[in-house]
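Single-letter residue listing:
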Amino acid sequence: MNPTIRIPAPEEAGAVTRMLCELDRENSTMMLEPGERSDDPRLLQEWLSLLHPDHHCYLVVFDGSRALGFVHAERGPFRRNRHSAYVVIGLLEEARGSGWGRRLLEAVDRWATERGVARLELTVMTHNSAAIGLYRRCGYVEEGLRRHSLIVDGTPVDEFAMAKLLNPDR
């Protein structure tokens, strides 16, 4: 198969839900722990139906019918932060190191540029060097340290706040 990036169709909610639950199990750098996310695809299907493309970008890497990763960007809801969007990305282990993370982030850049979003921001655990490298290569810079922002397996974990300005001259 030839993987593609696209908005998931409602009938693909099961594949996306399975991928998200698998991400939670295999990757301790994601926000949710195993078992915290519902495995009921109807919940994701309902959530996806509520997303407005001017406020949310939700894209999935599909290899045939199998979902391998996702990116979600959510634009600020108020006049003062409407120019900014928060980004979350996750890829299954089998899809990492193949350029899909970069392509997902480039797709978010296009979505943001088309809608006048000038700032993209995210957080990343400070020990996640692979993700930090990806974000830097894609133009994100560290803006600060969020000390003990998460507890993972009983241990406090720091995160970097990172951002990318799409129109730095404005």
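Let me sum up the structure you'll find in this document. (Residues numbered from 1 in each chain as written. Predicted model: local features only at pLDDT ≥ 70, side-chain atom pairs only at ≥ 80, totals over all residues. Heavy atoms only, no water.)

Helix and strand content of the protein: four helices and seven strands. Scanning the protein from its N terminus toward the C terminus, one meets helices and strands in the order β-α-α-β-β-β-α-β-α-β-β. The globule rule puts the C-alpha radius of gyration for 170 residues at 15 Å, and the 16 Å found for the protein is close to it. Once the C-alpha set of the protein is aligned to its principal axes, its extents read approximately 40 × 40 × 30 Å. Among the 170 residues that make up the protein, the fraction classed as buried is 42%. Taking as baseline every contact in the protein between residues at least 6 positions apart, the subset at least 24 positions apart corresponds to 60%. When the accessible surface of the protein is summed, it comes to about 9,900 Å², and 50% of that surface belongs to carbon and sulfur atoms. Counting 22 positive and 25 negative side-chain charges, the protein places the averaged centre of each group 6 Å from the other. (Helix = DSSP H or I, 4+ residues; strand = E, 2+ residues; numbered from the N terminus. Rg over C-alpha atoms; globule rule 2.2 N^0.38 Å. Buried < 20%, exposed > 50% of the residue type's maximum accessible area, 1.4 Å probe, protein only. Contact = heavy atoms within 4.5 Å. Areas by Shrake-Rupley, 256 points an atom, 1.4 Å probe, with all protein chains shown as cover. Lys, Arg positive; Asp, Glu negative; His and termini not counted. Charge placed at Lys NZ, Arg CZ, Asp CG, Glu CD.)

For the rest of this paragraph, the subject is the sheet that holds strand β3 (residues 66-75). The seven strands lie next to each other as β1-β2-β3-β4-β5-β7-β6, forming an open sheet whose pairing is mixed. Either end of the sheet is taken by a strand with one partner, and the two such strands are β1 (4-6) and β6 (141-152). For this sheet, the mean inter-axis angle between neighbouring strands, taken without regard to orientation, is 25°. Running over the sheet, helix α1 (residues 13-26) touches β2 (56-63), β3 and β4 (84-91) and is turned about 90° from β3. Packing against the sheet, helix α3 (residues 100-114) makes contact with β1, β2, β3, β4, β5 (119-125) and β7 (155-165), and its axis sits at approximately 160° to β4. (Pairing = 2+ DSSP bridges. Axes fitted to C-alpha atoms, helices over the stretch in contact; angles between N-to-C directions.)

This part covers the packing of α1 against helix α2 (residues 41-50). Packed helices, taken two at a time, are described by the angle their axes make and the gap between the axes. For the pair α1 and α2, interaxial distance at closest approach is 8 Å and the crossing angle is 110°. When the axis of α1 is compared with that of α2, the two are roughly perpendicular. Residues Ala-13, Gly-14, Val-16, Thr-17 and Leu-20 of α1 form the contact with α2, whose own contacting residues are Pro-41, Leu-44 and Gln-45. Taken together, the residues of the contact of α1 with α2 break down into five nonpolar, three polar and no charged. (Parallel < 35°, antiparallel > 145°, perpendicular 65-115°, else oblique. Nonpolar A, V, L, I, M, F, W, Y, C, P; charged D, E, K, R; others polar.)

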